[in-house]
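# Descriptive structure summary
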Number of protein chains: 2
Amino acid sequence: MSDLTGKKLILASASPRRQAVMAQLGLITEVRPSGASEIKEGLPPALLVTENALRKAGEVAGRTREAALVIGADTVVVKEGRILGKPRDEEEALSMLRFLSGGRHDVISAAAVIDAQTGREAAGHSQTAVFFATLPEELLRAYVATGEPLDKAGAYGIQGLGALLVERIEGDYGTVVGLCPRLLARLLREFGAEIF
Amino acid sequence: MSDLTGKKLILASASPRRQAVMAQLGLITEVRPSGASEIKEGLPPALLVTENALRKAGEVAGRTREAALVIGADTVVVKEGRILGKPRDEEEALSMLRFLSGGRHDVISAAAVIDAQTGREAAGHSQTAVFFATLPEELLRAYVATGEPLDKAGAYGIQGLGALLVERIEGDYGTVVGLCPRLLARLLREFGAEIF
């Protein structure tokens with residue numbers, strides 16, 4: 001399925017991880033990163049990520065002239081009521097990783113699909129529990145020094161070296177990466193598009 | 001870490017999924033598929049995969065002249081005491097998928113590391129529970145028609161379109177793919193090699 005009832009797919013995200021999820025599903029996608037302003041607080045996490053996914057898709061859909069389905073996504077890490085986004089610097093990355101070490105947190109990822117021509121939209125979210133191993137300080141420092149944590153919510157990437165921090169997950173792996181394949185497939189189906 | 005105390009890494013597996021796990025960890029690996037004969041039954045699943053991982057690594061180590069650590073791996077899918085390997089044909093793939101639909105199964109992956117010069121070896125296994133959605137017959141047929149199930153234990157690939165069949169997992173994702181990153185890191189550490 002490379003085009004969907006004649007519409008192209010546009011991913012409103014610069015994340016190579018999300019692009020990889022699209023490729024995994026055999027979806028040929030054009031990438032147009034969104035410039036939408038995101039909200040960081042003031043809503044429960046699941047509503048916050050869903051709103052942000054809709055904003056990202058909406059901003060790109062608003063400047064798209066072709067027949068296209070625009071996909072937005074957003075991810076947060078939540079532990080003990082605290083929402084962790086991307087760390088500002090190495091020091092904050094280290095403090096996030098210390099906070100996550102040896103316990104459970106949740107990753108919530110939302111996806112939104114908007115038809116650029118009709119404005120019709122669909123959105124949803126998924127949640128996965130992640131259990132970190134108890135990690136010695138020197139390992140956390142070595143991980144931060146790799147540079148991987150800096151552009152990632154919660155300061156780790158499970159699809160990279162960060163896999164070594166994670167003991168196990170309960171839920172969907174794609175949700176931790178940043179986009180749940182089953183959720184995306186369900187949303188696309190609402191627009192008449194079947195992946196297989 | 002591209003070389004390890006002067007030794008090259010050799011992956012005794014032709015599986016592109018396992019090669020991807022090595023790349024995820026930043027490990028530069030040479031691929032030399034093993035011709036070892038595998039056992040299919042007669043042992044509990046965890047012992048069976050560990051024995052096969054050792055056989056694969058051992059066969060390649062036996063014909064390796066350089067200073068190298070040889071990595072072998074093996075994976076089975078287990079449900080209700082039945083071990084599912086790779087399906088023989090599309091019909092068997094379909095029957096495996098029907099069997100997995102709507103329930104839990106376990107994926108067990110073993111890894112073995114052998115030092116080609118000293119013969120020293122280390123091995124272990126990891127296990128992850130996978131919960132399939134209840135899947136309609138036409139979806140299973142469409143999935144089999146993509147060709148993806150044919151070279152995979154249990155007739156699905158979670159890192160491909162098969163992600164759409166999986167509701168959730170409990171455990172490590174790499175184990176379902178065919179090689180657990182944390183297990184591999186632990187084994188390599190026994191040979192003095194730290195990933196980061």
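Described in the following lines is the structure provided in the data block.

What counts, and at which threshold
- Residues numbered from 1 in each chain as written.
- Chains lettered and ligands numbered in written order.
- Predicted model: local features only at pLDDT ≥ 70, side-chain atom pairs only at ≥ 80, totals over all residues.
- Heavy atoms only, no water.
- Contact = heavy atoms within 4.5 Å.
- Buried area = accessible area lost by both parts, 1.4 Å probe.
- Salt bridge = Lys/Arg side-chain N within 4 Å of Asp/Glu carboxyl O.
- Least-squares fit on C-alpha atoms with pLDDT ≥ 70 in both.
- Helix = DSSP H or I, 4+ residues; strand = E, 2+ residues; numbered from the N terminus.
- Buried < 20%, exposed > 50% of the residue type's maximum accessible area, 1.4 Å probe, protein only.
- Phe/Tyr/Trp six-rings, centres within 6.5 Å; stacked < 30°, edge-to-face > 60°.
- Lys NZ or Arg CZ within 6 Å of the ring centre and 35° of its normal.
- Pairing = 2+ DSSP bridges.

### A closer look at the interface of chain A and chain B
For interface size, the figure often reported is the accessible area lost on association. On the side of chain B, 27 residues touch chain A, which itself brings 27 residues to the contact. Overall, the association of chain A and chain B removes approximately 2,300 Å² of surface from exposure, summing both partners, and the carbon and sulfur fraction of that is 68%. In terms of surface lost to chain B, no three residues of chain A exceed L164(A), R182(A) and F196(A), which account for 36% of the buried area on that side. At the boundary of chain A and chain B, one finds 2 salt bridges.

### Here we look at the relation of the copies chain A and chain B
Aligned on chain B, chain A shows an RMSD of 0.0 Å; the corresponding rotation is 180° and the shift along the axis is 0.0 Å. As the rotation angle and translation indicate, the two copies are arranged about a two-fold axis. Among all residues of chain A, the one whose C-alpha sits closest to the rotation axis is E170(A), at a distance of 2.2 Å. Interface overlap between copies is the fraction of interface residues in one copy that are interface residues in the other; for chain A against chain B it reaches 100%, indicating a shared surface.

### Observations regarding the pattern of salt bridges
All names here are of chain A. Inspection of every chain in the model, using the stated rule, returns 40 salt bridges over all chains. Among the salt bridges present, the one from E66 reaches K8, with a minimum N-O distance of 3.2 Å. Note that E66 is positioned in the loop between α2 (45-62) and β3 (68-79) and K8 in strand β1 (residues 8-11), a separation of 58 residues in sequence. E66 sits in the partly exposed class, given a relative accessible area of 27%. Judged by its relative accessible area of 31%, K8 is partly exposed. Linking R63 and E59 is a salt bridge whose minimum nitrogen-to-oxygen distance equals 3.0 Å. When its relative accessible area of 41% is taken as the criterion, R63 is described as partly exposed.

### Section: the packing of aromatic side chains
The geometry of two aromatic rings is summed up by the distance between their centres and the angle between their planes. This model, assessed by the stated rule, comprises 5 aromatic pairs over all chains. Considering the side-chain rings of Y173(A) and Y173(B), the 3.3 Å spacing of their centres and the 0° angle between planes classify their relative orientation as stacked. Taken together, the residues span two chains, with Y173(A) in helix α5 (residues 173-177) and Y173(B) in helix α5 (residues 173-177). Of the two residues examined, Y173(A) and Y173(B), each falls in the buried class. Considering the side-chain rings of F196(A) and Y143(B), the 5.5 Å spacing of their centres and the 35° angle between planes classify their relative orientation as tilted. Here the residue F196(A) occupies a position in the segment after α6 (181-189), and Y143(B) occupies one in helix α4 (residues 137-145), the pair thus bridging two chains. Like Y143(B), F196(A) is buried. Lying across the ring of F131(A), R168(A) places its NZ or CZ 3.9 Å from the centre.

### Quick notes on the pairing of strand β3 (residues 68-79) of chain B
All names here are of chain B. The buried fraction of β3 is high, at 12 of 12 residues. Going residue by residue along β3, you find A68, V70, G72, D74, V76 and V78 tucked away on one face and L69, I71, A73, T75, V77 and K79 tucked away on the opposite face as well. Judged from the 4 bridges that link them, strand β1 (residues 8-11) and β3 form a sheet pairing that is parallel. Bridge pairing in β3 places L9 opposite L69. Pairing between β3 and strand β5 (residues 104-115): 10 bridges, direction antiparallel. Considered in β5, the bridge of L69 is made with D115. Two strands pair when backbone bridges link them, and β3 and strand β4 (residues 82-84) are joined in this way by 3 bridges, in the antiparallel orientation.

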